[in-house]
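One letter stands for each residue in the lines below.
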Amino acid sequence: MKVSCHSLFICSSYCKRSRTNQAGAGAMPEKIPKLPSEIISDILSRLPVKSLVRFKCVSKTWCSLISHPGFAKEHLKRAKEDTNANHYKIFLSADPHLSIDPEAFFDADENLLTAQLNFPASYSDRNSRIEILGSCNGLVCGLSHRNPLIYIWNPSTRESRELAIPSSRELAIPGSSEDSAFYGFGYDVKLDDYKIVRGYISTSTNSETKVEVLTLKGNKWRTIQDLRCGVLLRGRGTSASGILHWLVLRQENARSIKYVMVSFDLSEENFLETVPLPGPTGDDNIWNLELEVLGDWLCLYCYRGGLFCEAWIMKGYSREVSWTRILRFNIGEPIPGGKFWLRLLWVKKNGNVVCELNGRDVVFYNQNEGTARAFMIYHEMGWFDATVYMKVLFPLIISMMACDQAYN
Amino acid sequence: MSSSAENPTLTAEITKPSTEIATETAQSAKKITLKTSDDQIFEVEESVAMEFATVKSFFEDAPSSTDTVPLPNVPAKPFSQVIEFCKEQIKFKANPDETEKKRSNSEFVKEKTNEDLVEMIPVANYLEIKDLLDVLNQAVADRIQNRSVEYVRSFFGIDNDFTSEEEALLREEHAWAFEDVDED
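In this text, all values refer to a predicted model and were calculated from it rather than measured experimentally. Residue positions are given per chain, counting from 1 as you read along its sequence in written order. Written order determines the labels here, with chains lettered from A and ligands numbered from 1. Whole-chain, interface and lining totals are the exception, using all residues; otherwise, since this is a predicted model, local features are given only for residues with pLDDT of at least 70 and side-chain atom pairs are given and counted only at 80 or more. To get the side-chain values, all heavy atoms of the structure are used, and hydrogens and water are removed first.

## As for the overall build of chain A
To be explicit about the condition: Helix and strand assignments follow DSSP, with helices taken as H or I runs no shorter than four residues and strands as E runs no shorter than two, numbered in order from the N terminus. Computed with a 1.4 Å probe, the accessible areas rest on the Shrake-Rupley method; for each residue, only the protein chains presented here act as cover.
Helices and strands together make up the secondary structure of chain A, namely 6 helices and 25 strands. Looking at chain A as shown, the accessible area adds up to about 18600 Å², and 51% of this sits on carbon and sulfur atoms.

In structure tokens, the structure reads:
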């Protein structure tokens, strides 16, 4: 059992503490009762990341508990279950990198409250451009073109780690030698580890797509079975429930092209049957189709005929798949320019929508009133990228001098 | 009333609220006698006592028992506060109102000192009162969230076992987490 490993870990140190405490109990009449380790763990799992990072200083026992991967998992679980508070933030790779709390904005607010994010300077490119390869739970996986380098970053704890780059260095860069490189980042439940998947067209072979996988713990690229699905994947995959998803346009016949969704199971490391998409997705009037994650759900949204934006939530897989439409609104009006490039980032608890518009503005759209507020986000390059992340504790750097000493 | 001889003052104290309830319901409800770790006797209405999972399973094993139930890990002071909470809770069982329940719970913890909370937690834990434990743990989390490391140490009575060098290193490494902390 996963839990037992965790509690054993704390228990050994806790027992030591309570014994010493009992000895001194008589001497200190006003002593505070020592709480059992599982209670301390429960209380701490309710705290935000910043408090937890600070409370590593309380004692060696607390430091070890907070640094333990088992505790991080408990913290993540509680954050996902807790519906009272918002544990999600939107990361904007702008100048500087910003985070916004999508639930904290109200229609009457004059300004958009942003917080500057402490992104490791060495990972930034010229013009501080970063390529987001994927985001899962609290972790953002990115690629810097300059070195090149692939890294993992937890914006909440400000921890980051550089990862191995694939053996064929030049192939690490999407958009250079091969436009058709694709990436994905997600969590493998069975392995209890995060994985990065990357694919590229090898010019030396018969243009089969080569696929490689890296696990965070192993930090080594490993080639897996080629992708043979007759389509070219590109860009970043969207991760939901341990499965990565890409949308691709497929030529159906001489007259029509159609969107299909290609999925990759992170545990089994295989590509799955294509899943039927909702609505008339083969419609000639479709302008664009995108994938995003809303909470734990995979969300498909489309702009139909340049007039409407629709969002659908996917439940179940393969033959049992079902799509539920969660919203539909007019995007020609009142969001000026909304028909060109609009990306759904978040659906607020009150039903309002947060979007990215043309990589330039963050737009808050009030569905009931039909009104929108746009906030321009500065970036020297002219556009920003955005992804949603959770405020969680996931430890990227396990070894800490001070804490290690308590248990060695 | 075998307990009155042992501890007349306390029994009087406890009997008073019990009679109030009795008059309210106009029928005398079955009472359960519980003995705390500091040898104080509590007479609690059965419906309230059944909120304590530990006590409930005691009676499931021995349904006809009229014995005093010993609570070896439960001191009287936090126990009386726990009873106060459970009395409120059973009202919501008959009449579920989530908003009112939340309000009542937050009212309950608001009046309590830090010490009260920390003393009640092991009691709620031992008696397996899940709702109360959840309320208490959340209340403690809310109280320490924006506080300093020193405040938290004294809150839980934890000794600092870091050397000053180790602590300085940790603080330096995570300096950002020490910004905007409430004053003690």
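## Details of the overall build of chain B
What counts here: Whether a residue is buried, partly exposed or exposed follows from its accessible area with a 1.4 Å probe, protein chains only, as a fraction of its type maximum: under 20%, in between, or over 50%, in that order. Working rule for contacts: check all heavy atoms of both residues, and any pair within 4.5 Å makes them a contact.
Helices and strands together make up the secondary structure of chain B, namely 10 helices and 3 strands. The linear arrangement of helices and strands in chain B, starting from the amino end, is α-α-β-β-α-α-β-α-α-α-α-α-α. Burial statistics for chain B: of 184 residues in total, 40% are counted as buried. Contacts spanning at least 24 positions in sequence make up 63% of the contacts within chain B whose residues lie at least 6 apart. A total of about 10200 Å² of accessible surface is found on chain B, and carbon and sulfur atoms cover 49% of it.

## Brief notes about the domain arrangement of chain A
Residue and element names in this part refer to chain A. Which entries qualify depends on this criterion: Domain boundaries shown here were taken from an automatic or database domain assignment. Two parts placed together each lose some accessible area under a 1.4 Å probe, and adding up what both lose gives the buried area. What counts as a salt bridge is simple: a side-chain nitrogen of Lys or Arg found within 4 Å of a carboxyl oxygen of Asp or Glu. Pairs of N or O atoms are called polar contacts if they sit within 3.5 Å, as long as, within protein, a hydrogen donor faces a hydrogen acceptor (for residues adjacent in sequence, only side-chain-to-side-chain pairs). Residues are grouped as follows: Ala, Val, Leu, Ile, Met, Phe, Trp, Tyr, Cys and Pro are nonpolar; Asp, Glu, Lys and Arg are charged; every other residue, Gly included, is polar.
Taken domain by domain, chain A holds domain 1 (2-81 + 397-407) and domain 2 (88-390). Across the boundary between the two partners, domain 1 contributes 7 residues, which contact 8 residues of domain 2. Interface area, domain 1 with domain 2, both sides summed: about 730 Å², of which 59% is carbon and sulfur. For the salt bridge of D192 with K73, the shortest nitrogen-to-oxygen distance reads 2.8 Å. Applying the counting criterion to the domain 1 and domain 2 interface returns 3 residue pairs in polar contact (both at pLDDT 80 or more). In terms of residues, the side of domain 1 that touches domain 2 owes the most to one element, helix α5 (residues 69-81), which gives 4 residues. Residues that form the side of domain 1 that touches domain 2 fall into these classes: 5 nonpolar, no polar and 2 charged.

## Here's the deal with the UniProt feature "domain: SKP1 component dimerisation" (unreviewed entry) in chain B
The condition is simple: UniProt positions are given in the numbering used here, feature names are shortened, and annotations may be inferred rather than shown by experiment.
Mapped onto the present numbering, the UniProt feature "domain: SKP1 component dimerisation" (unreviewed entry) falls on residues 130-177 of chain B. Here residues 130-177 of chain B is 69% helix and 0% strand, with 32 Å between the C-alpha atoms at its ends.

## A few points about the UniProt feature "domain: SKP1 component POZ" (unreviewed entry) in chain B
Per the UniProt record, "domain: SKP1 component POZ" (unreviewed entry) is found at residues 30-88 of chain B. Measuring from the first to the last C-alpha atom of residues 30-88 of chain B gives 18 Å, for a span that is 44% helix and 20% strand.

## A closer look at the packing of aromatic side chains
What counts is decided by this rule: Planes of paired rings set the category: under 30 degrees apart is stacked, over 60 is edge-to-face and the rest tilted, where pairs are Phe, Tyr or Trp rings (Trp by its six-membered ring) whose centres lie within 6.5 Å. Throughout this description, the term charge over a ring refers to an Arg CZ or Lys NZ atom that lies within 6 Å of the ring centre and within 35 degrees of the ring normal.
Under the criterion given, the structure shown has 19 aromatic pairs over all chains. Ring centres 5.3 Å apart and planes at 80 degrees place the aromatic pair A:F105 and A:F375 in the edge-to-face group. Of the two residues, A:F105 sits in the loop between β2 (98-100) and β3 (114-116) while A:F375 sits in strand β24 (residues 371-376), which places them 270 residues apart along the sequence. By relative accessible area, which is 4% here, A:F105 ends up buried. Classification of A:F375 as buried rests on a relative accessible area of 12%. The lysine or arginine in question, A:K348, covers the ring of A:F106, its NZ or CZ lying 5.4 Å from the ring centre. B:K112 extends its terminal NZ or CZ atom over the ring of B:F108, reaching a point 4.2 Å from the ring centre.

## Structural notes on the interface of chain A and chain B
Taken together, the contact between chain A and chain B spans 34 residues of the former and 42 residues of the latter. Note on chain A versus chain B: buried area summed over both sides is about 3400 Å², and carbon and sulfur give 66% of it. Of all residues in chain A, the largest losses of buried area upon contact with chain B belong to A:R46, A:R54 and A:C57, amounting jointly to 20% of the total for that side. Taken together, the connections running from chain A to chain B amount to 2 salt bridges.

## Some remarks on the confidence of the model for chain A
Let me state the cut-off plainly: Confidence of the predictor at the level of single residues is given by pLDDT, which spans 0 to 100.
For chain A, mean pLDDT is 77; residues scoring 70 or higher make up 76% of the total. A low-confidence stretch, residues 399-408 of chain A (pLDDT under 50), is modelled with 23 contacts involving residues beyond four sequence positions or located in other chains.

## What to know about helix α4 (residues 60-67) of chain A
Among the 8 residues in α4(A), 8 count as buried, and that is most of the element. For α4(A), the set of buried residues is A:K60, A:T61, A:W62, A:C63, A:S64, A:L65, A:I66 and A:S67.

## Looking at the environment of A:S156
Assignment of secondary structure puts A:S156 in the loop between β6 (149-154) and β7 (159-163). Put simply, A:S156 and A:L117 are 39 residues apart on the chain and 8.7 Å apart in space, counted from C-alpha to C-alpha. If sequence neighbours within four positions are ignored, A:S156 has contacts with A:V49, A:Y389, A:M390, A:K391, A:V392 and B:W176.

## Focus on the domain arrangement of chain B
All names here are of chain B. We note that the domain assignment places domain 1 (3-144) and domain 2 (149-178) within chain B. Facing the 5 residues of domain 1 at the interface are 4 residues of domain 2. Of the roughly 460 Å² buried between domain 1 and domain 2 on both sides combined, carbon and sulfur atoms contribute 79%. For the pair domain 1 and domain 2, the number of links is 0 salt bridges. One can count 1 residue pair in polar contact (both at pLDDT 80 or more) joining domain 1 with domain 2. The set of elements that each furnish at least two residues to the side of domain 1 that touches domain 2 consists of α7 (114-126) and α8 (130-144).

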